[in-house]
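Notes for the structure review
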Amino acid sequence: MKIRINALAGIALAATAALGLAACGSGNTTPAATGSASATADAKPSGEITVYNAQHESLTKEWIDAFTAETGVKVTLRQGSDTEMSNQIIQEGAASPADVFLTENSPAMAQVENAGLFADVDKATIDQVPAEFRPSTGKWTGIAARSTVLVYDKAKLSEDQLPKSMLDLAKPEWKGKWAASPSGADFQAIVSALLELKGEAAAEEWLKGMKENFTAYKGNSTAMKAVNAGEVDAALIYHYYYYGDQAKTGENSKNVTPYYFKNQDPGAFVSVSGGGVLNSSKNAGAAQAFLKFVTGKKGQEVLQKGTSFEYAIASDVPANEKLVPLTELQAPTVDPAKLNSEKVTELMTKAGLL
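Residues numbered from 1 in each chain as written. Predicted model: local features only at pLDDT ≥ 70, side-chain atom pairs only at ≥ 80, totals over all residues. Heavy atoms only, no water.

Our focus in this paragraph is the pattern of salt bridges. Enumeration according to the criterion identifies 14 salt bridges in this entry. A salt bridge links Glu-57 to Lys-61, with the nearest nitrogen and oxygen atoms 3.4 Å apart. In this pair, Glu-57 and Lys-61 are both assigned in helix α2 (residues 57-71), four residues apart and thus about one turn of the helix distant. Given the relative accessible area of 42%, Lys-61 is considered partly exposed. Ionic pairing is found between Lys-343 and Glu-346, a salt bridge with its closest N-O pair at 3.1 Å. With Lys-343 and Glu-346 both in helix α12 (residues 341-350), this residue pair falls three residues apart, about one helical turn. One salt-bridge network, held together by shared partners, links Arg-146, Asp-186 and Glu-310. (Salt bridge = Lys/Arg side-chain N within 4 Å of Asp/Glu carboxyl O. Helix = DSSP H or I, 4+ residues; strand = E, 2+ residues; numbered from the N terminus. Buried < 20%, exposed > 50% of the residue type's maximum accessible area, 1.4 Å probe, protein only.)

Within the span of helix α11 (residues 297-305), buried status applies to Gly-299, Gln-300, Glu-301, Val-302 and Leu-303. In this fold, the buried residues of α11 make contact with α2, β4 (141-153) and α10 (284-295). (Contact = heavy atoms within 4.5 Å.)

It is worth spelling out the packing of helix α8 (residues 220-228) against helix α9 (residues 239-247) at this point. Two measures define how a pair of helices packs: the angle their axes make with one another and the distance between the axes. Taken N-terminus to C-terminus, the directions of α8 and α9 make an angle of 70 degrees; their axes are 10 Å apart at the nearest point. The orientation of α8 relative to α9 falls into the category roughly perpendicular. For the crossing formed where α8 meets α9, the hand is right-handed. Mapping the contact onto sequence places Asn-220, Ser-221 and Met-224 in α8 and Tyr-241, Tyr-242 and Asp-245 in α9. Here the residues of the contact of α8 with α9 sort into three nonpolar, two polar and one charged. (Axes fitted to C-alpha atoms, helices over the stretch in contact; angles between N-to-C directions. Parallel < 35°, antiparallel > 145°, perpendicular 65-115°, else oblique. Left-handed = near helix turned anticlockwise from the far one by under 90°. Nonpolar A, V, L, I, M, F, W, Y, C, P; charged D, E, K, R; others polar.)

It is worth spelling out the packing of aromatic side chains at this point. One pass over the structure, following the stated rule, counts nine aromatic pairs. Seen in terms of ring centroids, Phe-187 and Trp-206 are 6.4 Å apart; in terms of plane orientation they differ by 25 degrees. Their pairing is stacked. Placement of Phe-187 in helix α6 (residues 185-198) and of Trp-206 in helix α7 (residues 200-213) is noted, with a sequence separation of 19 residues between them. On the accessibility criterion, Trp-206 (3% relative accessible area) is buried. Among the aromatic side chains, those forming a connected cluster through ring pairs are Trp-178, Phe-187, Trp-206 and Phe-214. (Phe/Tyr/Trp six-rings, centres within 6.5 Å; stacked < 30°, edge-to-face > 60°.)

Another point: the confidence of the model for the protein chain. Taken over all residues, the pLDDT of the protein chain has a mean of 89, while the share at 70 or more is 88%. Scored below 50 in pLDDT, residues 1-40 makes 100 contacts in the model with residues more than four places away or belonging to other chains. (pLDDT = per-residue confidence, 0-100.)

The buried fraction of strand β1 (residues 48-53) is high, at five of six residues. As paired elements, β1 and strand β2 (residues 74-79) share six bridges and run parallel to each other. Note that in β2 the partner of Tyr-52 across the bridge is Arg-78. You can see the chain leave β1, run along α2 and come back into β2, and the turn it takes is right-handed. Judged from the three bridges that link them, β1 and strand β3 (residues 100-102) form a sheet pairing that is parallel. (Pairing = 2+ DSSP bridges. Right-handed = clockwise from strand over helix to strand, strands pointing away.)

Our next topic: the side chain of Asp-99. Mapped onto the elements of the fold, Asp-99 is located in the loop between α3 (82-92) and β3. Buried Asp-99, no salt bridge; nearest opposite-charge side chain is Lys-282, N-O distance 7.1 Å. For Asp-99, the side chain forms a polar contact with the main-chain nitrogen of Lys-282, separated by 3.2 Å. Those residues in contact with Asp-99, other than ones at most four positions away along the chain, are Glu-48, Ile-49, Thr-50, Gly-276, Val-277, Leu-278, Ser-281, Lys-282, Asn-283 and Ala-287. (Lys, Arg positive; Asp, Glu negative; His and termini not counted. Polar contact = N/O pair within 3.5 Å; in protein donor to acceptor, adjacent residues only side chain to side chain.)

A few words now on the side chain of Arg-146. The topology assignment puts Arg-146 in strand β4. At a separation of 3.4 Å, a polar atom in the side chain of Arg-146 contacts the side chain of Tyr-240. Side-chain polar atoms of Arg-146 contact the side chain of Ser-273, separated by 3.5 Å.

Helix length check: α2 (15 residues) gives 21 Å between terminal C-alpha atoms against 21 Å at 1.5 Å per residue, within 8%. Looking at α2, one finds that the buried residues are Glu-57, Leu-59, Thr-60, Trp-63, Ile-64, Phe-67 and Thr-71. With its buried residues spanning 160 degrees around the axis, α2 presents them on a single face. Exposed residues lying more than 90 degrees from the buried face of α2 are Asp-65 and Ala-69. Within two residues after α2, Gly-72 carries a phi angle of roughly 85 degrees, on the positive side. (Expected span 1.5 Å × (residues − 1). Arc of directions from axis to C-beta.)

Right, here's the structure in full:
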């Protein structure tokens with residue numbers, strides 16, 4: 001499984017930073033496809049669309065190949081990180097060649113939504129996705145999900161020594177014992193959930209304790225490898241890094257096991273990957289059809305049967321059988337539309353984590 005890690009230092013705090021990131025994104029992308037006239041909601045989609053993709057490239061290519069085989073619609077893919085792509089869309093505004101935007105985490109979707117750049121998602125698509133896996137606004141929808149986990153060294157920690165809450169990781173007894181990748185969008189989404197669930201003061205206090213206690217690694221897979229190698233006792237990551245490695249050789253995860261906080265704890269946060277149609281789309285009918293396909297049975301079966309090990313969340317398709325069922329995770333309720341990436345960047349910068 002190909003894992004892409006957002007290693008950017010943080011989300012832009014000013015227009016100049018956003019423009020800089022956008023310039024980096026546009027320099028590494030392929031030319032946009034020229035969209036055909038938009039199909040109506042009832043017509044068969046046709047022509048071409050461009051997808052700005054911050055999801056794993058291999059996963060999205062599976063979706064694209066299946067969609068094109070079914071509809072004949074040509075899809076041009078522009079690949080980048082959550083922050084890179086969202087800032088590029090915002091910088092391009094109404095002139096963006098993007099028809100669809102897909103992400104790994106919700107904060108980048110909320111950023112584009114707050115800029116007023118998403119069209120409403122078709123009701124038929126919304127109806128395929130349970131309410132807990134999409135924003136209350138209906139301006140975009142969940143397409144997949146991943147669970148926060150603490151992977152730990154089984155030789156160093158017994159189950160009764162594990163923290164009862166993610167918040168416990170900021171306590172003195174966890175100093176020097178755990179790792180994370182704070183510069184990535186994955187971790188920043190977790191902090192966004194903490195901010196929404198517990199408020200700014202609690203998030204700021206936890207980040208202060210984190211700075212004192214943790215070891216920084218570049219990328220979640222690297223953090224997991226460090227646990228596996230005995231460098232640290234545990235790491236706060238997303239579940240699929242463990243399951244993806246186990247499905248291969250297991251060499252980077254043979255000494256670790258995932259721990260699920262559950263009990264509606266901030267550490268039980270399930271991050272929703274998003275998909276939305278841009279107001280700028282020149283082929284809105286095909287763009288809406290693509291989003292409906294991804295959240296439909298065939299699109300969700302790509303998650304269920306594939307090697308991404310992300311959770312299927314729509315069209316009543318169960319998750320990959322190797323994963324802990326979503327119903328058992330006891331995740332807290334978080335409206336993805338309310339995740340505030342800019343405030344998180346501010347708080348993490350203040351804490352010296354970015």
